[in-house]
Amino acid sequence: MPSLRRSNDFIFAYCLFALLACLPIILFIPRYIDDYSRGINGSFNWTRSGFRPLADWLYSIFNLGGPATALAPLGQIVSIPISAIGALAISKTFQVRNPLLAAAATLPVFINPYFLENLSYGFDSLSMTLALTLAVLAASQVRLLNPWRHWVIITACLLASLLLYQPAFGAY
(Lines give C-alpha, C1' and ligand atoms only; values in the text may rest on other atoms or scores of the structure.)
Protein backbone atom coordinates (compact mmCIF):
# COMPACT_ATOMS: atom_id res chain seq x y z
CA MET A 1 0.00 0.00 0.00
CA PRO A 2 2.82 2.52 0.63
CA SER A 3 3.88 2.11 -3.02
CA LEU A 4 0.39 3.09 -4.19
CA ARG A 5 0.45 6.08 -1.85
CA ARG A 6 3.83 7.17 -3.27
CA SER A 7 2.48 6.73 -6.82
CA ASN A 8 -0.54 8.89 -6.03
CA ASP A 9 1.70 11.52 -4.42
CA PHE A 10 3.96 11.43 -7.48
CA ILE A 11 1.03 11.82 -9.92
CA PHE A 12 -0.33 14.74 -7.91
CA ALA A 13 3.06 16.51 -7.67
CA TYR A 14 3.84 15.90 -11.33
CA CYS A 15 0.44 17.15 -12.50
CA LEU A 16 0.78 20.25 -10.34
CA PHE A 17 4.27 21.04 -11.71
CA ALA A 18 3.17 20.30 -15.30
CA LEU A 19 0.03 22.40 -14.95
CA LEU A 20 2.13 25.34 -13.81
CA ALA A 21 4.50 24.87 -16.75
CA CYS A 22 1.65 24.47 -19.26
CA LEU A 23 -0.59 27.21 -17.92
CA PRO A 24 0.42 29.82 -20.53
CA ILE A 25 -0.38 27.33 -23.31
CA ILE A 26 -3.68 26.35 -21.71
CA LEU A 27 -4.72 29.99 -21.36
CA PHE A 28 -3.74 30.91 -24.92
CA ILE A 29 -3.80 28.24 -27.61
CA PRO A 30 -2.32 29.61 -30.83
CA ARG A 31 -3.85 28.28 -34.05
CA TYR A 32 -1.69 26.77 -36.75
CA ILE A 33 -2.46 26.23 -40.44
CA ASP A 34 -3.49 22.59 -40.00
CA ASP A 35 -5.66 23.58 -37.01
CA TYR A 36 -7.53 26.07 -39.19
CA SER A 37 -8.11 23.53 -41.95
CA ARG A 38 -9.38 20.92 -39.49
CA GLY A 39 -11.65 23.46 -37.83
CA ILE A 40 -13.07 24.77 -41.11
CA ASN A 41 -13.43 21.43 -42.93
CA GLY A 42 -14.36 19.38 -39.88
CA SER A 43 -12.17 16.49 -41.04
CA PHE A 44 -9.65 14.67 -38.90
CA ASN A 45 -7.34 14.00 -41.87
CA TRP A 46 -4.35 12.58 -39.98
CA THR A 47 -4.33 9.33 -41.96
CA ARG A 48 -4.03 11.06 -45.33
CA SER A 49 -1.52 13.67 -44.20
CA GLY A 50 0.98 11.39 -42.45
CA PHE A 51 -0.48 7.91 -41.88
CA ARG A 52 -1.67 8.41 -38.31
CA PRO A 53 -4.83 6.26 -38.22
CA LEU A 54 -4.87 5.94 -34.43
CA ALA A 55 -4.85 9.74 -34.20
CA ASP A 56 -7.99 9.82 -36.36
CA TRP A 57 -9.63 7.18 -34.18
CA LEU A 58 -8.53 8.78 -30.89
CA TYR A 59 -9.74 12.21 -31.86
CA SER A 60 -13.07 10.94 -33.20
CA ILE A 61 -13.68 9.27 -29.83
CA PHE A 62 -12.45 12.30 -27.90
CA ASN A 63 -14.61 14.53 -30.12
CA LEU A 64 -17.65 12.20 -29.79
CA GLY A 65 -17.69 11.61 -33.54
CA GLY A 66 -17.42 14.06 -36.40
CA PRO A 67 -17.08 16.72 -37.56
CA ALA A 68 -13.81 17.73 -35.93
CA THR A 69 -14.23 20.67 -33.59
CA ALA A 70 -11.57 22.59 -31.71
CA LEU A 71 -11.74 21.31 -28.14
CA ALA A 72 -8.64 23.14 -26.97
CA PRO A 73 -7.58 23.45 -24.18
CA LEU A 74 -9.26 20.18 -23.20
CA GLY A 75 -6.64 18.13 -25.08
CA GLN A 76 -3.83 19.96 -23.33
CA ILE A 77 -5.41 19.45 -19.91
CA VAL A 78 -5.96 15.72 -20.55
CA SER A 79 -2.37 15.46 -21.79
CA ILE A 80 -0.98 16.33 -18.36
CA PRO A 81 -2.15 13.18 -16.51
CA ILE A 82 -1.28 11.07 -19.57
CA SER A 83 2.29 12.37 -19.46
CA ALA A 84 2.29 11.73 -15.70
CA ILE A 85 1.81 8.02 -16.41
CA GLY A 86 4.93 8.01 -18.59
CA ALA A 87 6.86 9.98 -15.98
CA LEU A 88 5.74 7.49 -13.31
CA ALA A 89 7.10 4.64 -15.44
CA ILE A 90 10.44 6.46 -15.69
CA SER A 91 10.60 7.04 -11.93
CA LYS A 92 9.78 3.38 -11.24
CA THR A 93 12.43 2.26 -13.75
CA PHE A 94 15.09 4.26 -11.93
CA GLN A 95 13.56 3.41 -8.53
CA VAL A 96 13.23 6.96 -7.26
CA ARG A 97 11.33 6.68 -3.99
CA ASN A 98 10.70 10.30 -3.03
CA PRO A 99 7.58 11.46 -4.95
CA LEU A 100 8.59 15.13 -5.11
CA LEU A 101 12.13 14.31 -6.22
CA ALA A 102 10.81 11.84 -8.79
CA ALA A 103 8.34 14.40 -10.17
CA ALA A 104 11.02 17.08 -10.41
CA ALA A 105 13.50 14.65 -12.02
CA THR A 106 11.10 13.33 -14.67
CA LEU A 107 9.43 16.64 -15.50
CA PRO A 108 12.07 17.66 -18.11
CA VAL A 109 11.25 14.59 -20.21
CA PHE A 110 7.79 15.95 -20.96
CA ILE A 111 8.04 19.62 -20.07
CA ASN A 112 10.76 20.94 -22.34
CA PRO A 113 10.60 23.55 -25.12
CA TYR A 114 10.09 20.96 -27.87
CA PHE A 115 7.26 19.18 -26.12
CA LEU A 116 5.64 22.43 -25.03
CA GLU A 117 5.60 23.43 -28.70
CA ASN A 118 3.75 20.19 -29.46
CA LEU A 119 1.25 20.99 -26.71
CA SER A 120 0.50 24.30 -28.36
CA TYR A 121 -1.14 22.52 -31.31
CA GLY A 122 -4.84 22.62 -30.55
CA PHE A 123 -5.79 19.43 -32.36
CA ASP A 124 -2.60 17.35 -32.16
CA SER A 125 -1.52 17.69 -28.55
CA LEU A 126 -3.43 14.69 -27.21
CA SER A 127 -2.16 12.24 -29.85
CA MET A 128 1.40 13.56 -29.54
CA THR A 129 1.34 13.18 -25.75
CA LEU A 130 -0.13 9.69 -25.90
CA ALA A 131 2.44 8.63 -28.53
CA LEU A 132 5.32 9.92 -26.40
CA THR A 133 3.92 8.25 -23.28
CA LEU A 134 3.56 4.91 -25.11
CA ALA A 135 7.17 5.13 -26.32
CA VAL A 136 8.35 5.84 -22.76
CA LEU A 137 6.24 2.93 -21.42
CA ALA A 138 7.84 0.63 -24.01
CA ALA A 139 11.31 1.78 -22.98
CA SER A 140 10.51 1.18 -19.31
CA GLN A 141 9.56 -2.44 -20.10
CA VAL A 142 12.95 -3.28 -21.67
CA ARG A 143 14.68 -3.78 -18.32
CA LEU A 144 12.21 -6.48 -17.21
CA LEU A 145 13.34 -10.05 -17.60
CA ASN A 146 10.21 -11.90 -18.76
CA PRO A 147 10.98 -11.78 -22.47
CA TRP A 148 7.81 -12.86 -24.30
CA ARG A 149 5.16 -11.01 -22.39
CA HIS A 150 7.17 -7.80 -22.16
CA TRP A 151 8.24 -7.89 -25.79
CA VAL A 152 4.59 -8.17 -26.80
CA ILE A 153 3.82 -5.13 -24.62
CA ILE A 154 6.82 -3.25 -26.04
CA THR A 155 5.81 -4.05 -29.62
CA ALA A 156 2.19 -3.04 -29.04
CA CYS A 157 3.20 0.23 -27.36
CA LEU A 158 5.67 1.10 -30.12
CA LEU A 159 3.23 0.22 -32.88
CA ALA A 160 0.51 2.35 -31.28
CA SER A 161 3.01 5.16 -30.79
CA LEU A 162 4.01 5.06 -34.46
CA LEU A 163 0.37 5.07 -35.56
CA LEU A 164 -0.31 8.12 -33.38
CA TYR A 165 2.75 10.32 -34.06
CA GLN A 166 5.90 8.93 -35.67
CA PRO A 167 8.48 11.38 -34.23
CA ALA A 168 7.63 10.16 -30.71
CA PHE A 169 9.53 6.95 -31.54
CA GLY A 170 12.70 8.84 -30.67
CA ALA A 171 11.71 8.70 -27.00
CA TYR A 172 12.15 4.92 -27.11
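Our subject in this report is the structure included herewith. (Residues numbered from 1 in each chain as written. Predicted model: local features only at pLDDT ≥ 70, side-chain atom pairs only at ≥ 80, totals over all residues. Heavy atoms only, no water.)

### Section: the overall build of the protein
Helices and strands together make up the secondary structure of the protein, namely 9 helices and 0 strands. Scanning the protein from its N terminus toward the C terminus, one meets helices and strands in the order α-α-α-α-α-α-α-α-α. Expected size for 172 residues packed as a compact globule is a radius of gyration near 16 Å; at 16 Å, the protein falls within 12% of this value. Considering only C-alpha atoms, the protein reaches an extent of 50 × 40 × 25 Å along its principal axes. Buried residues in the protein amount to 43% of all 172 residues. Across the protein, every contact between residues at least 6 apart in sequence was considered, and the portion connecting residues at least 24 apart equals 72%. Put simply, the protein shows about 9300 Å² of open surface, and 72% of that area lies on carbon and sulfur atoms. In the protein, 10 side chains carry a positive charge and 6 a negative one; their mean positions are 15 Å apart. (Helix = DSSP H or I, 4+ residues; strand = E, 2+ residues; numbered from the N terminus. Rg over C-alpha atoms; globule rule 2.2 N^0.38 Å. Buried < 20%, exposed > 50% of the residue type's maximum accessible area, 1.4 Å probe, protein only. Contact = heavy atoms within 4.5 Å. Areas by Shrake-Rupley, 256 points an atom, 1.4 Å probe, with all protein chains shown as cover. Lys, Arg positive; Asp, Glu negative; His and termini not counted. Charge placed at Lys NZ, Arg CZ, Asp CG, Glu CD.)

### Points about unusual backbone geometry
Cis peptide bonds are those with omega within 30 degrees of zero, and the linkage from Ala72 to Pro73 qualifies with 15°. In this structure, Pro73 sits in the loop between helix 4 (53-62) and helix 5 (74-93). Positive phi outside glycine occurs at Leu64, with the angle close to 60°. Relative to the helices and strands, Leu64 is located in the loop between helix 4 and helix 5. A positive phi angle is found at Gln95, which is not glycine, with a value near 55°. On the secondary structure map, Gln95 appears in the loop between helix 5 and helix 6 (99-110).

### Describing helix 9 (residues 147-164)
The terminal C-alpha atoms of helix 9 lie 25 Å apart, and with 18 residues this matches the ideal 26 Å at 1.5 Å per residue to within 8%. As for helix 9, its buried residues are in contact with helix 4 and helix 8 (125-141). (Expected span 1.5 Å × (residues − 1).)

### A look at the nonpolar core
One finds Phe10, Tyr14 and Phe110 to be the most contacted residues of the largest nonpolar core, which totals 44 residues. Broken down by element, this core gets its largest block of residues, 8 residues, from helix 1 (residues 2-27). Sequence-distant contacts of Phe10, that is, excluding residues within four places in its chain, are made with Ala84, Ala87, Leu88, Ser91, Pro99, Ala102, Ala103 and Thr106. (Core = buried A, V, L, I, M, F, W, Y, C linked by side-chain atoms within 4.5 Å.)

### Section: the packing of aromatic side chains
By convention here, two paired aromatic rings are described through the distance between centres and the angle between planes. For the structure shown, the criterion picks out 6 aromatic pairs. With a centroid separation of 6.0 Å and an interplanar angle of 25°, the aromatic rings of Phe10 and Tyr14 are classed as stacked. One end of the pair, Phe10, and the other, Tyr14, are both in helix 1, 4 residues apart, so they sit about a helical turn from each other. Accessibility expressed as a relative area gives 1% for Phe10, which makes it buried. For the ring pair Tyr14 and Phe110, a centre distance of 6.5 Å and an interplane angle of 85° mean the geometry is edge-to-face. Of this pair, Tyr14 sits in helix 1 while Phe110 is found in helix 6, placing the two residues 96 residues apart along the sequence. For Phe110, a relative accessible area of 0% corresponds to the buried category. (Phe/Tyr/Trp six-rings, centres within 6.5 Å; stacked < 30°, edge-to-face > 60°.)

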